[in-house]
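# Fold and contact review
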Amino acid sequence: QVQLVESGGGLVQPGGSLRLSCAASGSIFSINAMGWYRQAPGKQRELVAAITSGGSTNYADSVKGRFTISRDNAKNTVYLQMNSLKPEDTAVYYCNADLILARWAKGVDYWGQGTQVTVSS
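Note that the structure is a prediction, hence the values are computed from the model and not measured. (Residues numbered from 1 in each chain as written. Predicted model: local features only at pLDDT ≥ 70, side-chain atom pairs only at ≥ 80, totals over all residues. Heavy atoms only, no water.)

The next thing to look at is the overall build of the chain. Scanning the chain from N- to C-terminus turns up 0 helices and 11 strands. Each helix and strand of the chain, ordered N terminal to C terminal, gives the series β-β-β-β-β-β-β-β-β-β-β. Its C-alpha radius of gyration of 14 Å places the chain within 12% of the 14 Å reference for a compact globule of 121 residues. By its C-alpha atoms, the chain is 50 × 25 × 25 Å across when sized along the principal axes. Burial statistics for the chain: of 121 residues in total, 39% are counted as buried. A sequence separation of at least 24 residues applies to 55% of the contacts in the chain between residues at least 6 apart. Taken as a whole, the chain presents about 6500 Å² of accessible surface, with 48% of it coming from carbon and sulfur. Mean positive and mean negative side-chain charge positions of the chain (11 and 8 charges, respectively) differ by 3 Å. (Helix = DSSP H or I, 4+ residues; strand = E, 2+ residues; numbered from the N terminus. Rg over C-alpha atoms; globule rule 2.2 N^0.38 Å. Buried < 20%, exposed > 50% of the residue type's maximum accessible area, 1.4 Å probe, protein only. Contact = heavy atoms within 4.5 Å. Areas by Shrake-Rupley, 256 points an atom, 1.4 Å probe, with all protein chains shown as cover. Lys, Arg positive; Asp, Glu negative; His and termini not counted. Charge placed at Lys NZ, Arg CZ, Asp CG, Glu CD.)

The subject of this paragraph is the nonpolar core. One recurring pattern in soluble globular proteins is that nonpolar side chains are buried together. Residues Trp 36, Leu 80, Met 82 and Tyr 93 are the most contacted members of the largest nonpolar core, which totals 30 residues. Going through the elements one at a time, strand 3 (18-25), strand 4 (30-39), strand 5 (46-51), strand 7 (67-72), strand 8 (77-82), strand 9 (91-100) and strand 11 (115-119) are the ones with two or more residues in this core. Among the elements that take part in this core, strand 9 stands out by supplying 5 residues, more than any other. For Leu 80, the contacting residues outside a window of four places in its chain are Leu 18, Arg 19, Leu 20, Trp 36, Val 48, Ala 49, Phe 67, Thr 68, Ile 69 and Tyr 93. (Core = buried A, V, L, I, M, F, W, Y, C linked by side-chain atoms within 4.5 Å.)

One pass over the full model with this rule turns up 1 disulfide. Cys 22 shares a disulfide with Cys 95; S-S distance 2.1 Å. On the S-S bond that ties Cys 22 to Cys 95, the torsion sits near -80°, and the link is left-handed. With Cys 22 in strand 3 and Cys 95 in strand 9, this pair connects stretches of sequence that are 73 residues apart. Accessibility assignment for this pair places Cys 22 and Cys 95 in one class, buried. (Disulfide = S-S within 2.5 Å.)

Further remarks concern the pairing of strand 3. Pairing geometry for strand 1 (residues 3-7) and strand 3, over 5 bridges, is antiparallel. Each residue of the ladder has a partner; that of Glu 6, found in strand 3, is Cys 22. (Pairing = 2+ DSSP bridges.)

Turning our attention to the pattern of salt bridges. If charged atoms from side chains of opposite charge come close, those side chains can pair. Within the structure shown, the criterion is met by 4 salt bridges. For Glu 46, the salt bridge identified is with Arg 38, shortest N-O distance 2.7 Å. For Glu 46, a relative accessible area of 36% gives the class partly exposed. Arg 38 gets classed as buried once you look at its relative accessible area, which sits at 6%. The network of salt bridges with shared partners includes Arg 38, Glu 46, Arg 66 and Asp 89. (Salt bridge = Lys/Arg side-chain N within 4 Å of Asp/Glu carboxyl O.)

Moving on: the side chain of Arg 71. Within the secondary structure, Arg 71 sits in strand 7. Within the buried core, Arg 71 has no salt-bridge partner, and the shortest N-O distance to an opposite charge, that of Asp 72, equals 8.3 Å. Within the local environment of Arg 71, its side chain forms a polar contact with the backbone oxygen of Ile 31, the two atoms lying 3.3 Å apart. Ignoring sequence-local partners within four residues, the contact set of Arg 71 consists of Ile 31, Asn 32, Ala 33, Met 34, Ile 51, Thr 52, Ser 53, Thr 77, Val 78 and Tyr 79. (Polar contact = N/O pair within 3.5 Å; in protein donor to acceptor, adjacent residues only side chain to side chain.)

In structure tokens:
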């Protein structure tokens, strides 16, 4: 069974840091882009950061300079280091990955179950 499993969410004070992890498991041939999205109450899900298989990154303007996305291809894992957290970063964070399940197959979009990040004093 192919799945994305996230960890690392929690409660943190403004100005604090958290590191999210997302590991892809199961029968996977390769992984294209991986990314993190978030959804706050009453708002649409939005892209936070993404990283290609070659390491190119893309960030939402609201997190540039504070968040860093990285990946370990050997472990099929993507990370999101979040520094200088603000109350407006509070949301459920979802991992996303474009997975290739077999040679010559097209990528399939997978999502994690989500992890809550709450920034509050």
